[in-house]
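# What the coordinates show
What follows is the residue order along each chain.
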Amino acid sequence: MTSLLRRRGRPQPPDASVIGLSGVWMTYPNGKVALADITVDIPPGDFVFLVGPSGAGKSTFIRLLIREQMPTSGRVRVAGRDLLRMRRGQVPALRRRIGIVFQDFRLLPSKTVWENVAFALEVTGTPRAVVRERVPQLLNLVGLHEHAHHLPTQLSGGEQQRTAIARALVHDPPILIADEPTGNLDPVTSWDIIQLLIQINQLGTTVLMATHNQEIVNAMRRRVLALENGHLVRDESTAAYERRY
Amino acid sequence: MGFARFVGFSVLRAWQGFWRNAMMSLAATATVILMLVLLAALFIVIAGLNSGLEFVESKVGVTAELQDGLTDGQAEELVAEVAALPGVADVDYISPDEALARLRAAFAERGEELDFGGADIQLQATIEIALEEPDFARDVSLALTERRDVTRITTRQQEVDTLVGIINVIRTVGIGAVGLVGLTVLFMIINTIRIAVYSRAREIEIMRLVGASDSFIRWPFILEGILCGLIGAMVTIALVAAIWEPIQPVMVAVFQMPTSVSREFLATLALLLFGVGLGVGALGSWISVRSYLAGSS
């Protein structure tokens, strides 16, 4: 299991950030400023929380990272790529380097757990033999091997989120973005998912988790990025963050 | 290998998509059939009329009635001079006796007997001029009107002009009708594929998030549109093939279309129906998917 997500390829210099935003502004056509002069560097292997009230800019921040939106100005670098210079045709390759999970899981209800995970490989042209080898590995990683042939409706919320995490990891991405992954889960199941994210992080994957869950943020004692009205108001370890709030 | 996987994936997803949205897909296919049946009917009628026109044109000639009392020598001289005119292929001299014999034969064909009650009938001698091309009819007629030994000239040019006029009207109206039906079909396919695209918005979103390329997202939908066109074309070709033998006597009798020509024509028609069916299917779905994908990143 550990070999599954061990970072491969060229070793990166210790100061290279896997996510880097520099002077990023994002203004919508109606004049609303979603992000204002954001500068952030996240080194490889970090586990970072992104917090802030609704409308603070968390979703915009994430959309910029997966190049669903382009900033009005500034630079965005993800997994060593400058997203502003990237052509449309290069976006799929970027997204294979980023795993993403959401609060609402976004599983296909007519497909089984196995099929949901395999789908992410099939639609990127992965050979069938590789799909057959890779899917069981991922289901083992997230502890869903026994539920492989269940439909999402037959799973608990936590199991659905685990399926979504397995799907997010199909391309062995160096970055995992989790947008409110525990938002729909009870406290016990939430900790179950956090535990899984920590395991994935320990295997070398950088994790950026947007959350409202103050308890988890305080307990984890990791780096916290706090957004308010599009401004980065805090960028510090949880210990310092906790002292303030 | 990668391309084969891409094609296999796209075809399978198109097939699944077609049947998942069966009612809309079949409705779109039915409109494709309607359009192609109209197109086939138009094509058959125009081809038949063209064939008929060729037949009539091949018979276009000029007939000149000659002045009474021409001697054999004068008639021979006239025939030689007319034969030398540009565009004249052949000149036949029909003497008054031959003209009367023809008239009797024409009556006999109708089962009647020519009877003038014993009167002595003298028909006019004529010359029948075959032309190299129907277009020479006007010039040859003009040359003949200047001659004093010719009393009246008749050609079938007017019939040809009328037929050409009818064909042009049918062609214009037919193309207009097929065009309108074609547009309806295009909108039906655009709508069908758009519904298919929206019903799979979640799938498309996931495909984008996990890094599927635009081709992997777009082609299954385009193939689904092509499938509507393909099935529509196949059904229409089967329908045309089924009625082809029964309408053969009509094609020969009404349009003078030889059977050998009609077989070749059937192959051309099948190709046309395939081409138009696939083209409309591909164009409609391409427009639909393109507008959807352009609106999302």
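The written sequence of each chain sets the order in which its residues are numbered from 1. Chain A is the first chain written and ligand 1 is the first ligand written, with later ones labelled in order. Since the coordinates come from a predicted model, pLDDT governs what is reported: local features require at least 70, and pairs of side-chain atoms require 80 or more to be given and counted, while whole-chain, interface and lining totals use all residues.

## Side note on the overall build of chain A
A run of H or I in DSSP counts as a helix once it spans at least four residues, and a run of E counts as a strand once it spans at least two, with each numbered from the N terminus. Counting secondary structure elements, chain A contains nine helices and 10 strands. Neighbour counting defines burial: a residue surrounded by 20 or more other C-beta atoms within 10 Å of its own C-beta is buried, one with 12 or fewer is exposed, and intermediate counts give partly exposed, using backbone-placed C-beta atoms. Residues classed as buried in chain A amount to 42% of the 245 residues present. C-beta atoms are first placed from the backbone for all residues, and any pair lying within 7 Å is then listed as a contact. Expressed as a percentage of contacts within chain A between residues at least 6 apart in sequence, the contacts between residues at least 24 apart total 68%.

## Quick look at the overall build of chain B
When helices and strands are tallied, chain B shows nine helices and four strands. When the helices and strands of chain B are read in sequence order from the N terminus, they spell out α-α-β-α-β-α-β-α-β-α-α-α-α. Counting contacts in chain B only where the partners sit at least 6 residues apart, residues at least 24 apart contribute 88% of the total.

## As for the nonpolar core
Put simply, a nonpolar core is a cluster of buried Ala, Val, Leu, Ile, Met, Phe, Trp, Tyr and Cys residues tied together by C-beta atoms within 7 Å. Of all hydrophobic cores here, the largest spans 74 residues; its most connected members are A:Leu50, A:Leu65, A:Val117, A:Leu138, A:Ala166 and A:Ile177. Ranked by the residues each element gives to this core, the list is headed by helix α4 (residues 113-122) of chain A, at seven residues. Other than its neighbours up to four places away in sequence, A:Leu50 contacts A:Lys58, A:Phe61, A:Leu208, A:Met209, A:Ala210, A:Leu225 and A:Leu227. The next biggest cluster of nonpolar side chains, apart from the first, holds 35 residues, and it includes B:Ala14, B:Ala40, B:Ala196 and B:Ile222.

## What about the packing of helix α2 (residues 22-58) of chain B against helix α6 (residues 157-199) of chain B?
All names here are of chain B. Here, axes are lines fitted to C-alpha atoms. For helices the fit covers the stretch in contact, and angles between N-to-C directions go from 0 to 180 degrees. Between α2 and α6, the least distance of the axes is 9 Å, while the angle of their chain directions is 165 degrees. As far as their axial angle goes, α6 and α2 are roughly antiparallel. Taken as a pair, α2 and α6 cross one another with a handedness that is left-handed. For this scheme, ten residues count as nonpolar: Ala, Val, Leu, Ile, Met, Phe, Trp, Tyr, Cys and Pro. Four count as charged, namely Asp, Glu, Lys and Arg, and the remainder, Gly too, count as polar. A class-by-class count of the residues in the contact of α2 with α6 yields 26 nonpolar, eight polar and three charged. Between 65 and 115 degrees an angle is taken as roughly perpendicular, under 35 as roughly parallel, over 145 as roughly antiparallel, and anywhere else as oblique. By convention the crossing between two helices is left-handed if the near helix lies anticlockwise of the far one by an angle smaller than a right angle, and right-handed if it lies clockwise.

## Examining the packing of α4(A) against helix α6 (residues 157-168) of chain A
Residues and elements named next belong to chain A. Between α4 and α6, the least distance of the axes is 8 Å, while the angle of their chain directions is 25 degrees. Between α4 and α6, the crossing angle belongs to the class labelled roughly parallel. The interaxial crossing formed by α4 with α6 has right-handed handedness. On α6, the residues that touch Val-113, Asn-116, Val-117 and Ala-120 of α4 are Thr-163, Ala-166 and Arg-167. Split by residue class, the contact of α4 with α6 holds four nonpolar, two polar and one charged.

## Looking at the interface of chain A and chain B
Many descriptions give the size of an interface as the accessible area lost when the pieces come together. The partner chain B presents 15 residues to the 17 residues of chain A that form the contact. At the level of secondary structure, the elements contributing two or more residues to the side of chain A that touches chain B comprise α3 (91-95) and α4 of chain A. When residues of the side of chain A that touches chain B are assigned to their parent elements, the largest contribution, three residues, is made by α3(A). The residue makeup of the side of chain A that touches chain B, split by class, is eight nonpolar, three polar and six charged.

## Here's the deal with the sheet that holds strand β4 (residues 150-155) of chain B
All names here are of chain B. Pairing between strands is defined by DSSP: at least two bridges between them are needed. The four strands are arranged β2-β3-β1-β4 in an open sheet whose pairing can be described as antiparallel. In this open sheet, the two strands that pair with only one neighbour each are β2 (88-94) and β4. Within the sheet, the average angular offset between the axes of one strand and its neighbour, ignoring direction, is 20 degrees. Where strand β1 (residues 61-66) lies against β4, five bridges are found, and the strand directions are antiparallel. Within the sheet, the bridge partner assigned to Thr-63 lies in β4 and is Thr-154. The sheet strands contacting helix α5 (residues 137-145) are β1, β2, β3 (126-131) and β4, and the helix crosses β4 at an angle near 170 degrees.

## Here we look at the sheet that holds strand β4 (residues 73-78) of chain A
Residue and element names in this part refer to chain A. Across the sheet, which stays open at both edges, the four strands sit in the order β2-β1-β4-β5 with antiparallel pairing between neighbours. Lying at the two open borders of the sheet, with one neighbouring strand each, are β2 (33-42) and β5 (81-82). Bridge analysis of strand β1 (residues 19-27) against β4 gives five bridges, and the strand direction is antiparallel. Bridging from a neighbouring strand, Trp-25 pairs with Ser-73 of β4. Against the sheet, helix α2 (residues 58-65) makes contact with β1, β2 and β4, and its axis sits at roughly 120 degrees relative to β1, the strand it touches most.

## Quick word on helix α1 (residues 2-20) of chain B
Residue and element names in this part refer to chain B. Helix span, as expected, comes to 1.5 Å for every residue beyond the first. The terminal C-alpha atoms of α1 lie 27 Å apart, and with 19 residues this matches the ideal 27 Å at 1.5 Å per residue to within 8%. Among all positions in α1, only Ser-10, Arg-13, Ala-14, Gly-17 and Phe-18 are buried. End-on, the buried residues of α1 take up no more than an arc of 135 degrees, which puts them together on one face. Residues of α1 that are exposed and angled more than 90 degrees away from the buried face: Ala-4, Gly-8, Gln-16 and Trp-19. On its buried side, α1 packs onto α2, α6 and α8 (214-255). This arc describes the spread of directions from the helix axis toward the C-beta atoms.

## A word on the pairing of β1(A)
Residues and elements named next belong to chain A. Sheet topology note: the β1/β2 ladder contains six bridges and is antiparallel. What sits directly across from Ile-19, in β2, is Ile-42. The hairpin formed by β1 and β2 contains five residues between the paired strands, and Gly-31 there has a positive phi angle of roughly 95 degrees.

## Concerning unusual backbone geometry
The bulk of non-glycine residues show a negative phi, and the bulk of peptide bonds are trans. Residue and element names in this part refer to chain A. With phi around 55 degrees, Arg-67 is a residue other than glycine that occupies positive phi space. Tracing the backbone through its elements, the reader meets Arg-67 in the loop between α2 and β4. You will see that Glu-180, though not glycine, has its phi angle at about 50 degrees, which is positive. With respect to the helices, strands and loops of the structure, Glu-180 is situated in the loop between β7 (175-179) and α7 (187-202).

## Overview of the environment of A:Val188
Relative to the helices and strands, A:Val188 is located in helix α7. For the pair formed by A:Val188 and A:Gly158, sequence separation is 30 residues and the distance between their alpha carbons is 9.4 Å.

## With respect to the confidence of the model for chain B
All names here are of chain B. In the predicted model, chain B carries a mean pLDDT of 83, and the fraction of residues at 70 or more is 96%. β2 holds the highest mean pLDDT among the elements of chain B, 90, whereas α6 holds the lowest, 80. Both scores are available for the predicted complex, with the pTM at 0.69 and the ipTM at 0.83. Note on scores: pLDDT gives the predictor's confidence for each residue, bounded by 0 and 100.

## Quick word on the confidence of the model for chain A
On average, chain A scores 89 in pLDDT, and the residues at 70 or more come to 90%. Across chain A, element-level confidence peaks in strand β8 (residues 206-210) of chain A with a mean pLDDT of 97 and bottoms out in helix α1 (residues 2-5) of chain A with 50.

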